[in-house]
Amino acid sequence: EGITGFTKACERIHAARRQANAHSWSSAIVLAASLAVTWSSPACRQFETKPLRNPMQHDLAEGAAVPVDGLWPQPQGAGLGIAVDHDVVDHYRLDR
């Protein structure tokens, strides 16, 4: 269901006066999408992600958010606020 599905779930959770928490364990793209929903919903109060460095999280996209003093900044720029590095995509392609 992606961003739309999670946004709808957050609306229902907020209406029920409960808390939702997004998390991102895979890539800078998922991180950007999850942060966009987190910042747009009053139901979301914390964000979970892995602390380990990896290329899909740290090299895949320019402009990917990085926590500052333990807090995640709001996304900046158009769309999700990132620019995918297609050289990194080509490097890790499995269909070659």
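Refer to the structure printed above.
Small disclaimer: the values here were computed from a predicted structure and weren't measured.

Asks: What should I look at first to understand the overall build of the protein in this one?
Replies: A tally of regular secondary structure across the protein gives four helices and four strands. Going residue by residue from the N terminus, the α and β elements of the protein occur as α-β-α-β-α-β-β-α. Projected onto the principal axes, the alpha-carbon positions of the protein cover approximately 50 × 30 × 25 Å. Counting across all 96 residues of the protein, residues that qualify as buried make up 28%. Measuring between centres, the 9 positive side-chain charges of the protein sit 13 Å from its 10 negative side-chain charges.

Asks: Help me out: how do you make sense of the pairing of strand 2 (residues 44–49) in this one?
Replies: Side chains on a regular strand alternate between the two faces of the sheet. Two strands pair when backbone bridges link them, and strand 1 (residues 20–24) and strand 2 are joined in this way by four bridges, in the parallel orientation. Bridging from a neighbouring strand, alanine 22 pairs with phenylalanine 47 of strand 2. With respect to chirality, the unit in which strand 1 leads through helix 2 (residues 28–40) into the neighbouring parallel strand 2 is right-handed.

Asks: Would you mind showing me how to read helix 1 (residues 2–15) here?
Replies: Residues spaced three or four apart along an α-helix face the same direction, because each turn holds 3.6 residues. With 14 residues, helix 1 should reach 20 Å at 1.5 Å per residue; the first-to-last C-alpha distance of 20 Å fits that figure. Phi for arginine 17, located one or two positions after helix 1, is positive at around 60°.

Asks: Help me understand the environment of serine 34, please; the structure alone is not making it clear to me.
Replies: Mapped onto the elements, serine 34 comes out in helix 2. Considering only alpha carbons, one finds serine 34 and valine 66, 32 residues apart in sequence, at a separation of 13 Å. Apart from residues lying up to four places away in sequence, serine 34 is in contact with Ala22, His23, Ser24 and Phe47.

Asks: Hey, could you run me through a nonpolar patch on the surface in this one?
Replies: Taken together, Ile29, Val84 and Val89 make up a surface patch of nonpolar side chains, about 180 Å² in accessible area. By secondary structure assignment, the location of valine 89 is in helix 4 (residues 86–92). Assessed through its relative accessible area of 31%, valine 89 is described here as partly exposed.

Asks: Even after reading the chapter, I still don't get helix 2, so can you show me in this structure?
Replies: Over its 13 residues, helix 2 extends 18 Å from the first C-alpha to the last, a length consistent with the 18 Å expected when each residue adds 1.5 Å. Looking only at helix 2, the buried set comprises Ala28, Leu31, Ala32, Ala33, Ser34, Leu35, Val37 and Thr38.

Asks: Looking at this structure, I do not really get the state of the cysteines. What am I missing?
Replies: Here is the idea: a disulfide is a covalent bond, and it sits between the sulfur atoms of two cysteines. All chains considered together, the criterion is met by zero disulfides. No disulfide involves cysteine 10; its sulfur sits 3.7 Å from the nearest other cysteine sulfur, which is in cysteine 44. Taking relative accessible area as the criterion, cysteine 44 reaches 10% and is therefore assigned buried.

Asks: Looking at this structure, I do not really get the environment of tryptophan 25. What am I missing?
Replies: Along the chain, tryptophan 25 turns up in the loop between strand 1 and helix 2. For tryptophan 25, a relative accessible area of 47% corresponds to the partly exposed category. Separated by 65 residues in sequence, tryptophan 25 and aspartate 90 place their C-alpha atoms 21 Å apart. Once you skip the residues sitting within four places of it in the chain, tryptophan 25 turns out to touch Glu48, Thr49 and Lys50.

What counts as what
Residues numbered from 1 in each chain as written. Predicted model: local features only at pLDDT ≥ 70, side-chain atom pairs only at ≥ 80, totals over all residues. Heavy atoms only, no water. Helix = DSSP H or I, 4+ residues; strand = E, 2+ residues; numbered from the N terminus. Buried < 20%, exposed > 50% of the residue type's maximum accessible area, 1.4 Å probe, protein only. Lys, Arg positive; Asp, Glu negative; His and termini not counted. Charge placed at Lys NZ, Arg CZ, Asp CG, Glu CD. Pairing = 2+ DSSP bridges. Right-handed = clockwise from strand over helix to strand, strands pointing away. Expected span 1.5 Å × (residues − 1). Contact = heavy atoms within 4.5 Å. Patch = residues over 30% accessible without salt bridge, like charges linked within 9 Å, V, L, I, M, F, W, Y side chains within 5 Å. Areas by Shrake-Rupley, 256 points an atom, 1.4 Å probe, with all protein chains shown as cover. Salt bridge = Lys/Arg side-chain N within 4 Å of Asp/Glu carboxyl O. Disulfide = S-S within 2.5 Å.

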